Amino acid sequence: MNNSQGSVYHSENNDYRTIEQTMEKFPGGTRRLAAQLTTTATFESLWNVLTDYDRLNLYIPNLLLSKKIYKKNNNVHLKQIGAQDFLGIKFSAEVTIDLFEEKELGLLKFSLIKGDFRKFEGSWRIKKNKDNSKNSLIYDLTVQGCQWMPIGMIEKRLKNDLSENLIAVEKQAKFSII
């Protein structure tokens, strides 16, 4: 297993924050990527953004569609379509995911029901930091593309997307409490 880690620094309005990232390579073109952002956004505002399933595509980059197709108690099924531009070639992928909400743990776990990947599973987690003034927002994704997907290009794109997704959720969470 190959494991790489890195930190990406982002600045917006002099609000510097670090996004910690890790990536693990597994056989068969499977990748596990995780990213973490520390934020002053509240637990409730982050949770509300992440569970506003039918509107996720309005603020998460490259997500063209997010539609809740089933909900019973803490179990949700979502249809999502994402799009990318790889070297001028448009690429889109569709997934239907099974998602389980565990608000008391700040956890949204998801797994693939069907879609354009062989594996697509992971979680969003909101974790209170020890000083209680900040939260960590963590996105963990294990993905395995289909045979025709160039994993090297997808891997690089996914690493960038994880950071962008965290920032987009944080931005919307901070905006929604104003």
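Throughout this document, residue positions are counted from 1 along each chain, in the order its sequence is written. Local features in this predicted model are restricted to residues whose pLDDT is 70 or higher, and side-chain atom pairs enter the listing and the counts only when it is 80 or higher, whereas totals over whole chains, interfaces and linings include all residues. The side-chain quantities take in all heavy atoms of the structure and omit both hydrogens and water.

Visitor: Looking at this structure, how should I read the pattern of salt bridges?
Guide: Salt bridges are identified by distance alone: a Lys or Arg side-chain nitrogen within 4 Å of an Asp or Glu carboxyl oxygen. Scanning the entire structure with this criterion turns up seven salt bridges. Lys 174 is the partner of Glu 170 in a salt bridge, and the nearest nitrogen-oxygen pair spans 3.5 Å. Residue Glu 170 and its partner Lys 174 are located together in helix H2 (residues 151-176), separated by four residues, close to a single helical turn. Accessibility expressed as a relative area gives 3% for Glu 170, which makes it buried. Sharing partners across several salt bridges, the network here consists of Glu 24, Arg 32 and Asp 140. Helix and strand assignments follow DSSP, with helices taken as H or I runs no shorter than four residues and strands as E runs no shorter than two, numbered in order from the N terminus. Any residue under 20% of the maximum accessible area for its type is buried, any over 50% is exposed, and the rest in between are partly exposed; the area is computed with a 1.4 Å probe on protein chains only.

Visitor: What am I meant to see in the confidence of the model for the protein here?
Guide: Note: predicted coordinates in regions of low pLDDT should not be interpreted at a detailed level. Taken residue by residue, the protein gives an average pLDDT of 86. The fraction at 70 or more is 86%. Counting contacts from residues 1-16, a segment whose pLDDT is below 50, to residues more than four positions away or on other chains yields 38 contacts. The quantity known as pLDDT measures the predictor's confidence residue by residue, on a range of 0 to 100. Whether two residues are in contact is decided by their heavy atoms, any of which lying within 4.5 Å being enough.

Visitor: Can you help me understand a positive patch on the surface in this one?
Guide: Each patch is built from residues lacking any salt bridge and having more than 30% relative accessible area; the joining distance is 9 Å for like charges and 5 Å for nonpolar side chains (Val, Leu, Ile, Met, Phe, Trp, Tyr). Computed by Shrake-Rupley with a 1.4 Å probe, the accessible areas treat only the displayed protein chains as cover when residues are assessed. Only four residue types enter the tally: Lys and Arg on the positive side, Asp and Glu on the negative side; His and the chain ends are excluded. We put the charge of a Lys on NZ, of an Arg on CZ, of an Asp on CG and of a Glu on CD. A surface patch of like charges, here positive, comprises Lys 109, Arg 125, Lys 127 and Lys 130. Lys 127 gets classed as partly exposed once you look at its relative accessible area, which sits at 45%.

Visitor: What should I look at first to understand the pairing of strand E6 (residues 89-102) in this one?
Guide: In summary, the side chains of a regular strand alternate between the two faces of the sheet. A pair of strands is treated as paired once DSSP finds two or more bridges between them. As paired strands, E6 and strand E7 (residues 107-115) are joined by eight bridges and run antiparallel to one another. Among the inter-strand pairings, Thr 96 is bridged to a residue of E7, identified as Lys 114. Here E6 folds back onto E7, and the loop between the two strands holds four residues, one of which, Gly 106, carries a positive phi near 65°.

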